[in-house]
Amino acid sequence: MGRMAFEEHTSISRRFLSWCAEAWSASAESEEIAMLDEATIRQISKDCAIAPDDLLQLVKAGPHAADEMIEMMGALNIDQSDVALLHPALYREMQLTCSKCRSKTRCRRDLEAEVAGQEFVGYCGNAASLNTMRADPELLHG
C-alpha cells in the first residue's frame with residue numbers, strides 16, 4: 001500500500017472510530033436521561049425552556065442534531081451567537097426544528113455545494129425565521 005493510500009485509509013478509520021465514539025456517547029446519555037424520574041425530566045426541560053418530550057427527542061437526536069442550522073446561518077451571513085444571545089427562545093425552537101428535519105441530506109449537500117442560501121426556502125423548516133433574520137442588520141456578520 002502506498003504512503004498516500006495508507007494515510008487516506010488511516011484518516012477514514014480515525015473518522016469512523018470518532019463517529020462511533022460520539023454515537024456511543026450520545027446513546028449512553030440518552031439512556032441515562034431516559035432513566036431519570038419524570039419530575040427531574042420536567043425540571044430539566046423547564047430549565048431549558050422546552051417541553052419534556054422535546055428534551056427527550058433532542059437527546060436521542062444527539063449533540064450534532066442541529067449542526068446544519070448553524071451552518072445555514074453562516075451561509076446566510078447570520079451571526080448565530082447574536083441570535084442565541086438576543087433571541088434564545090427562538091434559537092432553541094430553531095434547534096428543535098432542525099433536529100427533527102427530514103431534509104438533512106439535501107441540506108448538507110446544498111451547504112457543501114454552497115447553494116444552500118438560494119435553495120433552503122424549498123425545504124428548510126426554519127426558512128421563515130432565517131429570512132426574517134437576514135433582513136435584520138443587527139443579526140448579520142460584519
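Right above here is the structure, for reference.
Source: prediction; values computed, not measured. Here the residue numbering is sequential within each chain, running from 1 through the sequence in written order. Only residues with pLDDT of at least 70 get local features here, since the model is predicted, and only at 80 or more are side-chain atom pairs given and counted; chain-wide, interface and lining totals rely on the full set of residues. For side-chain calculations, the full set of non-hydrogen atoms in the structure is used, while hydrogens and water are omitted.

Q: Teacher, can you tell me more about the nonpolar core here?
A: In summary, soluble globular proteins display a tendency toward joint burial of nonpolar side chains. Judged by nonpolar contacts, the single largest core of 20 residues is most densely connected at Met72, Met73, Phe120 and Leu130. Here a helix means four or more residues in a row that DSSP labels H or I, a strand means two or more in a row labelled E, and each is numbered from the N terminus. Mapped onto this core, the elements with two or more residues apiece are helix H4 (67-75), helix H6 (88-100), helix H7 (104-112) and helix H9 (127-134). Working rule for contacts: check all heavy atoms of both residues, and any pair within 4.5 Å makes them a contact. The contacts of leucine 130, once residues within four sequence positions are left out, are Met72, Met73, Leu76, Ile78, Met94, Phe120 and Cys124. By nonpolar core we mean a set of buried residues, namely Ala, Val, Leu, Ile, Met, Phe, Trp, Tyr and Cys, connected to one another through side-chain atoms within 4.5 Å. Each residue's exposure class comes from its accessible area (1.4 Å probe, protein chains only) as a fraction of the maximum for that residue type: buried when under 20%, exposed when over 50%, partly exposed otherwise.

Q: Before we go on, may I ask you to explain the pattern of salt bridges in this structure?
A: When charged atoms on two side chains of opposite charge get close, those side chains can pair. Whenever a carboxyl oxygen of Asp or Glu lies within 4 Å of a side-chain nitrogen of Lys or Arg, that contact is scored as a salt bridge. Evaluation of the coordinates by the stated rule reveals five salt bridges. Between arginine 106 and aspartate 110 there is a salt bridge, and its shortest N-O distance comes to 3.7 Å. Residue arginine 106 and its partner aspartate 110 are located together in helix H7, separated by four residues, close to a single helical turn. We classify arginine 106 as partly exposed; its relative accessible area is 32%. Accessibility expressed as a relative area gives 7% for aspartate 110, which makes it buried. A salt bridge links glutamate 119 to arginine 106, with the shortest nitrogen-to-oxygen separation between them at 3.6 Å. Of the two residues, glutamate 119 is situated in helix H8 (residues 116-119) and arginine 106 in helix H7; the sequence distance between them amounts to 13 residues. Here glutamate 119 falls in the partly exposed class, since its relative accessible area comes to 33%. The network of salt bridges with shared partners includes Glu68, Lys104 and Arg108.

These figures come from the coordinates and say nothing about function on their own.
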